[in-house]
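# Breakdown of the fold
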Amino acid sequence: KAGQRAFARYANREAVTFLEQARVALGHLPETAEIREQAFELRLTLRRALNVLTEFPASLRHAQEARKLAEQLGDPQKLAQALAFEANTLYTMDDFDGSLRVGRRATEEARRIGDALLGAYAAATVGRALAVVGRYADAVSELIPPIVALPKARAQDRAGLPFVPSVFARCQ
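This write-up is about the structure you can find in this document. In this text, all values refer to a predicted model and were calculated from it rather than measured experimentally.

## Here's the deal with the side chain of Thr125
Here Thr125 is to be found in helix H7 (residues 116–132). The buried category is assigned to Thr125, whose relative accessible area is 0%. In contact with Thr125, other than residues within four places in its own chain, are Ala87, Asn88, Tyr91 and Ser99.

## Some points on the nonpolar core
Phe40, Ala84 and Leu118 are the most contacted members of the largest nonpolar core, which has 31 residues in total. Of all the elements in the fold, those that place two or more residues in this core are helix H2 (12–27), helix H3 (33–52), helix H4 (56–73), helix H5 (76–92), helix H6 (96–113) and H7. Core analysis: the second largest hydrophobic core is formed by seven residues, Tyr91, Phe96, Leu100 and Val126 among them.

## Side note on the pattern of salt bridges
As a working rule, side chains carrying opposite charge can pair if their charged atoms are close by. Scanning the model with the defined rule gives nine salt bridges in all. One salt bridge connects Glu20 with Arg23, and the closest N-O pair in it is separated by 2.7 Å. Taken as a pair, Glu20 and Arg23 lie in helix H2 at a separation of three residues, close to a single helical turn. One salt bridge connects Lys78 with Asp75, and the closest N-O pair in it is separated by 3.7 Å. Lys78 gets classed as buried once you look at its relative accessible area, which sits at 14%. For Asp75, a relative accessible area of 22% puts it in the partly exposed group. Among the ionic contacts, a cluster of salt bridges with common partners joins Glu41, Asp75 and Lys78.

## What about the packing of H6 against H7?
Orientation of H6 relative to H7, taken along the N-to-C sense of each, is 155°, at an axis distance of 8 Å. Relative to H7, the element H6 lies roughly antiparallel. Crossing handedness for the pair H6 and H7: left-handed. Along the contact surface, H6 presents Phe96, Ser99, Leu100, Gly103, Arg104, Ala106, Thr107 and Ala110, while H7 presents Leu118, Gly119, Ala122, Ala123, Thr125, Val126, Ala129, Leu130 and Val132. Tallied by class, the residues present in the contact of H6 with H7 amount to eleven nonpolar, five polar and one charged.

## Things to note about a nonpolar patch on the surface
Taken together, the side chains of Val140, Ile144 and Val148 present a nonpolar region at the surface, about 290 Å² in accessible area. Relative to the helices and strands, Ile144 is located in helix H8 (residues 136–149).

## Concerning unusual backbone geometry
Phi is positive for Thr54, which is not a glycine, with a value near 55°. Residue placement: Thr54 occurs in the loop between H3 and H4.

Criteria and cut-off values
- Residues numbered from 1 in each chain as written.
- Predicted model: local features only at pLDDT ≥ 70, side-chain atom pairs only at ≥ 80, totals over all residues.
- Heavy atoms only, no water.
- Helix = DSSP H or I, 4+ residues; strand = E, 2+ residues; numbered from the N terminus.
- Buried < 20%, exposed > 50% of the residue type's maximum accessible area, 1.4 Å probe, protein only.
- Contact = heavy atoms within 4.5 Å.
- Core = buried A, V, L, I, M, F, W, Y, C linked by side-chain atoms within 4.5 Å.
- Salt bridge = Lys/Arg side-chain N within 4 Å of Asp/Glu carboxyl O.
- Axes fitted to C-alpha atoms, helices over the stretch in contact; angles between N-to-C directions.
- Parallel < 35°, antiparallel > 145°, perpendicular 65-115°, else oblique.
- Left-handed = near helix turned anticlockwise from the far one by under 90°.
- Nonpolar A, V, L, I, M, F, W, Y, C, P; charged D, E, K, R; others polar.
- Patch = residues over 30% accessible without salt bridge, like charges linked within 9 Å, V, L, I, M, F, W, Y side chains within 5 Å.
- Areas by Shrake-Rupley, 256 points an atom, 1.4 Å probe, with all protein chains shown as cover.

Remember that the coordinates give geometry; whether it matters functionally is a separate question.
Rendered as structure tokens:
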């Protein structure tokens, strides 16, 4: 809880310290689905705090761990979310091939579970990576369908992200 509160008040270094302590503590508990779900959420929060601190390799590690936890849980929503964040972190680290590979998987998972908002976020990451490597037509074709698929009621939804995915996708 202390890590979540520190993160909420933008004390990211403090948040990382508390969240790492919580991660270690969770490792000492029996492995149950509930503990895995808490570990998943903890890793995504750690990833966000580390991203703000520009500690991208550590951020990527936590995104990848979150993905593994989502796979163990068999939770397609969590898997799509972890993949989308992993793809974004890879993009931030200039690993555009990795970002494309993981981002496409995230987009596919989001489409499969019917989460248009998460699909728009994942597609925006793929679109940015395509644009950076000079594949502009592919970038546009990647970005348009998820935006069109968003229900009007969710077009301004942040879905827990620091920005509105539909706007983010349009800006690419």
